[in-house]
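One letter stands for each residue in the lines below.
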Amino acid sequence: MVYGYAISVVLGYFFGCFQTSYIIAKKMKNIDIREHGSGNAGSTNALRVMGKKLGILTFIIDMLKAVLAVLIAWALFDDQLAGLYAGLGVVIGHNWPVFLGFKGGKGIASSLGLMLAFDLPIGLVIWAITAIIIFSTKYVSLGSLIMITLFPVALVVFYPGMTQALVIALILMAFGYYRHRANIKRLISGTENKLGQKKTAGTSK
């Protein structure tokens, strides 16, 4: 299945390169989302720059592209790990899209889509916890970081024999922490912007 996993990653990567916020911003607002707000091509910046409706639409599509890639990989290879590799590819493509000069988002919505497709109950519980954290603290970055941390923890508890799955989850967590490194510094210093506040360049998800 090595080739199958490699194909799954590549398949997922091209799904991930579908930059929802960039496309919606161009079509609906005639702007380059990367030149506004935080400069990030993610759903949080889309929410702040384009408003609630288009921001939520961006989040949903970014999530669904991971779900679709996972399901297609499963159908092609009849292997649960192939789906996870496809989801990993989506996050890589979303974060570093070749068609946009490798300048994308932070992969949180797509990571959630992977979790929901892999195990719906686990994904829903993790999302519920994330939503509670975001709406209680108003820190999207904090909720995002906790979300990607909970996934490998859940795999250790409920899928103790799936070593490759855990490795993929840890890679996703590492990507998330790397992409949020500036947010982490601001969270520690107490200067992170809250949901509803205007953000400056380089501060969004």
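Presented here is a report on the structure given in the accompanying data block. Everything quoted here is computed from the prediction, not taken from an experiment.

1. Looking at helix 7 (residues 120–137)
- Compared with an ideal rise of 1.5 Å per residue, which puts 18 residues at 26 Å, helix 7 spans 25 Å between its outermost C-alpha atoms and is within 8% of the ideal.
- By the burial criterion, the buried members of helix 7 are Ile122, Gly123, Ile126, Thr130, Ala131, Ile133 and Ile134. Take helix 7 and look down its axis: the buried residues cluster within an arc of 165°, on one side only. Opposite the packed face of helix 7, turned more than 90 degrees from it, sit the exposed residues Pro121, Val125, Ile132, Phe135 and Ser136.
- Looking at the buried residues of helix 7, the elements they touch are helix 6 (108–118) and helix 8 (140–158).
- The opening residue of helix 7 is Asp119, an N-cap whose side-chain oxygen sits 3.1 Å from the backbone nitrogen of Ile122.
- Phi turns positive one or two residues past the end of helix 7, at Lys138, with a value near 70°.

2. Observations concerning unusual backbone geometry
- Phi is positive for Asn30, which is not a glycine, with a value near 55°.
- You can see Asn30 is positioned in the loop between helix 2 (20–29) and helix 3 (43–50).
- The class of Asn30 is exposed, set by a relative accessible area of 64%.
- For Asp78, which is not glycine, the phi torsion reads 50° and is therefore positive.

3. Looking at the pattern of salt bridges
- In total, this model carries three salt bridges according to the counting rule given.
- For Arg34, the salt bridge identified is with Asp32, shortest N-O distance 3.0 Å.
- Using a relative accessible area of 17% as the deciding quantity, one classes Arg34 as buried.
- Close ionic contact of Asp62 with Lys65 constitutes a salt bridge, the shortest N to O distance being 3.2 Å. With Asp62 and Lys65 both in helix 4 (residues 52–77), this residue pair falls three residues apart, about one helical turn.
- Overall, the relative accessible area of 1% leaves Asp62 in the buried class.

4. Observations concerning the nonpolar core
- Among the nonpolar cores identified, the biggest contains 34 residues, and Leu81, Leu84, Ile126, Met147, Phe151 and Leu172 are the most heavily contacted of them.
- No other element matches the eight residues that helix 5 (residues 80–95) contributes to this core.
- Counting ten residues, the second-largest nonpolar core is a separate cluster that includes Ile24, Ile31, Met50 and Leu54.

5. Quick word on the packing of aromatic side chains
- Enumeration according to the criterion identifies seven aromatic pairs in this entry.
- With 5.0 Å between their ring centres and 55° between their planes, Phe118 and Tyr159 make a pair best called tilted. Here Phe118 is found in helix 6, whereas its partner Tyr159 is found in the loop between helix 8 and helix 9 (163–179), with 41 residues between them in sequence.
- Classification of Phe118 by relative accessible area gives buried; the value is 5%.
- Ring pairing ties together the aromatic residues Tyr13, Phe14 and Phe99, which thus form one cluster.
- Sitting above the plane of the Tyr178 ring, Arg181 keeps its charged end 4.0 Å from the centroid.

6. Some points on the packing of helix 6 against helix 8
- Where helix 6 meets helix 8, the closest approach of the two axes is 10 Å, and the angle between their N-to-C directions is 30°. The angle between helix 6 and helix 8 places the two elements in the roughly parallel class. The chirality of how helix 6 crosses helix 8 is left-handed. Counted together, Ile108, Ser111, Leu112, Leu114, Met115 and Phe118 of helix 6 and Ser144, Met147, Ile148, Phe151 and Leu155 of helix 8 form the full contact between these two elements.

About the criteria used
Counting restarts for each chain: residues are numbered from 1 in the order of the written sequence. pLDDT decides what is reported in this predicted model: residues at 70 or higher carry local features, side-chain atom pairs at 80 or more are listed and counted, and totals for whole chains, interfaces and linings draw on all residues regardless. Hydrogens are left out, water is left out, and the side-chain values use all remaining heavy atoms of the structure. The secondary structure listing takes helices from DSSP runs of H or I that are at least 4 residues long and strands from runs of E that are at least 2 residues long, numbered from the N terminus. The span expected for a helix works out to 1.5 Å for each residue beyond the first. Note on classification: 1.4 Å probe, protein chains only; a residue is buried when its accessible area is under 20% of the maximum for its type, exposed when over 50%, partly exposed between these limits. Our arc is simply the arc of the directions from the helix axis toward the C-beta atoms. Any pair of residues with heavy atoms lying within 4.5 Å of one another is described as a contacting pair. We call two N or O atoms a polar contact when they sit within 3.5 Å, provided that within protein one can donate a hydrogen and the other can accept it, with sequence-adjacent residues counted only if both atoms are side-chain atoms. Note on definitions: salt bridges are taken to be side-chain nitrogens of Lys or Arg within 4 Å of carboxyl oxygens of Asp or Glu. Residue types Ala, Val, Leu, Ile, Met, Phe, Trp, Tyr and Cys, when buried and joined through side-chain atoms within 4.5 Å, form a set referred to as a nonpolar core. Stacked, edge-to-face and tilted are the three classes for Phe, Tyr and Trp ring pairs, Trp counted by its six-membered ring, which pair at centre distances within 6.5 Å; planes under 30 degrees apart are stacked, over 60 edge-to-face, the rest tilted. Working rule: Lys NZ or Arg CZ, within 6 Å of ring centre, within 35 degrees of ring normal, means a charge sits over the ring. Each axis is a line fitted through C-alpha atoms, and for a helix only the stretch in contact is used; angles between axes span 0 to 180 degrees, taken between their N-to-C directions. Throughout this description, any angle smaller than 35 degrees is read as roughly parallel, any larger than 145 degrees as roughly antiparallel, any in the 65 to 115 degree range as roughly perpendicular, and the remainder as oblique. Each crossing gets its hand from how the near helix is turned against the far one by less than a right angle, where anticlockwise is left-handed and clockwise is right-handed.

In short, the description is geometric, and any link to function would need to be established separately.
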